[in-house]
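Observations on the model geometry
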Amino acid sequence: MAHRIHTLALSCWAGACLGLACDVEETPAPPAPVEIPDPQGWDDGEDDPAEEPDAPDDTDPPPPDDRPDIDPAPGIEEPGLHDEGTGCPTVTPADEHIDAGAVTAYQLSGSASGASAAQFYVRGRNQEEIVGTIPLGAGGDYAVTVPVFCGDNIVKRVFTNASCAVTLVTELVTTECIDADLRVTTVWDAGGADWELHLVKPGGSINDNATDCTWTSCVSVRPDWGVAGDATDDPKKDVDWLGSYGPENIVLDGLEPGVYTVLVEHWSSAGSADSDGRVIINLAGKLIVIDIEDLAPHQVWTAARITWPEATVEALADVHDCSSNWSGGCRDALP
Ligand SMILES: [Ca+2]
Ligand SMILES: [Ca+2]
Ligand SMILES: [Ca+2]
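Fair warning: this is a prediction, and the values are worked out from it, not measured in the lab.

1. Some words on the sheet that holds strand E12 (residues 212–213)
- The strand order across the open sheet built from 5 strands is E12-E11-E15-E18-E19, with neighbouring strands paired in antiparallel fashion. Each edge of the open sheet carries a strand with a single partner, namely E12 and strand E19 (312–321).

What follows is the structure in structure tokens.
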């Protein structure tokens, strides 16, 4: 199974290339949408997930102040287009509502002529949140498959250039769905060539198809976790990506008790050694964002340990060089 390289022409990463506000320590107060807080400030160190309360019975969402702020257009909620600035990108189509059907992921596509950078943001009805880059092709054309949550979602697409930010807000509805306990998402930058997201079950190891949910085990098939023969508690990698940016996403409902491990491989040798990205975990109402920095090809980043049913997340930054034992993925025994 060849991993193809998919490259799109967006040469910058994060808000730094936009000439917009990039210092996430100084989150601007809405309404000032042009001053987009950089949701991809890998280096800020704030909202350290390691500081998550670990009281065993605490399954309630943390107070809003404890959540990382990853909404690139805070306060802009009304469906439709919102322009702030001059010389704004032309965004089509301007979907205000999408009936997505019985899906857990959806391809957003269209054109944003005149935009130099773009981001997507999805918020579910239980305040699940994800954010990432929309790669822009020639003329501002784009198509990116993003995870979506169960029921009513707010989807924001923010298209920017040096003088304007256009936010397209869309209500997106999915049906025949469940509010999954766990969503793990990873996104990365232009220099990343095929990052690979792994969710390893309690007692399992990376690239073992029975215990690791990843591209070989969890895309077109699903490993049988939890109750044997019951597919409702099996994981699925519902968004897989082979090029730059991502996202990739794994969804799991009905977790077995124990400790799960989230790992990311930088899969292609064509990638940059200084590639950055992040892991976003939505776990039973909690939002945890873990930054990944300078992940070189054939390195593995152990990003988090998730303990269930306590619903706690330990953020990690363990880097493992697997280049000496790499064959279609890391063959070292991890975690
Ligand atoms: Ca991948
Ligand atoms: Ca099962
Ligand atoms: Ca870097």
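2. Re the sheet that holds strand E17 (residues 286–292)
- Taken in spatial order, the 5 strands make up an open sheet running E13-E14-E10-E16-E17, and their pairing is antiparallel. Looking at the sheet topology across the chains shown, the edges are occupied by strand E13 (236–239) and E17. Sheet twist, expressed as the mean angle between neighbouring strand axes with direction ignored, is 20°.
- Relative to E17, strand E16 (residues 277–283) runs antiparallel, the two sharing 7 bridges. Among the inter-strand pairings, Ile281 is bridged to a residue of E17, identified as Ile288.

3. A closer look at the environment of Val158
- Of note, Val158 is situated in strand E8 (residues 152–161).
- Spatially, the C-alpha atom of Val158 lies 9.9 Å from that of Asp83, the residues being 75 residues apart in sequence.

4. Here we look at the nonpolar core
- Core analysis: the largest hydrophobic core is formed by 77 residues, its most contacted members being Ala118, Leu263, Val264, Val279, Ala303 and Ala304.
- The residues that make up this core include at least three from each of domain 1 (66–176) and domain 2 (180–335).
- With residues near it in sequence (within four places) discarded, Val264 still touches Thr186, Trp195, Glu196, Leu197, Val279, Ile292, Leu295, Trp301 and Ala303.

5. What to know about the confidence of the model for the protein chain
- Chain-level statistics for the protein chain give a pLDDT mean of 87 and a share of 81% at 70 or above.
- Across residues 1–54 the pLDDT falls below 50, and counting only partners more than four positions away or on other chains, this stretch makes 106 contacts in the model.

Quick notes on the rules
- Residues numbered from 1 in each chain as written.
- Chains lettered and ligands numbered in written order.
- Predicted model: local features only at pLDDT ≥ 70, side-chain atom pairs only at ≥ 80, totals over all residues.
- Pairing = 2+ DSSP bridges.
- Helix = DSSP H or I, 4+ residues; strand = E, 2+ residues; numbered from the N terminus.
- Axes fitted to C-alpha atoms, helices over the stretch in contact; angles between N-to-C directions.
- Core = buried A, V, L, I, M, F, W, Y, C linked by C-beta atoms within 7 Å.
- Buried ≥ 20, exposed ≤ 12 C-beta atoms within 10 Å, placed from the backbone.
- Domains from an automatic or database assignment.
- Contact = placed C-beta atoms within 7 Å.
- pLDDT = per-residue confidence, 0-100.

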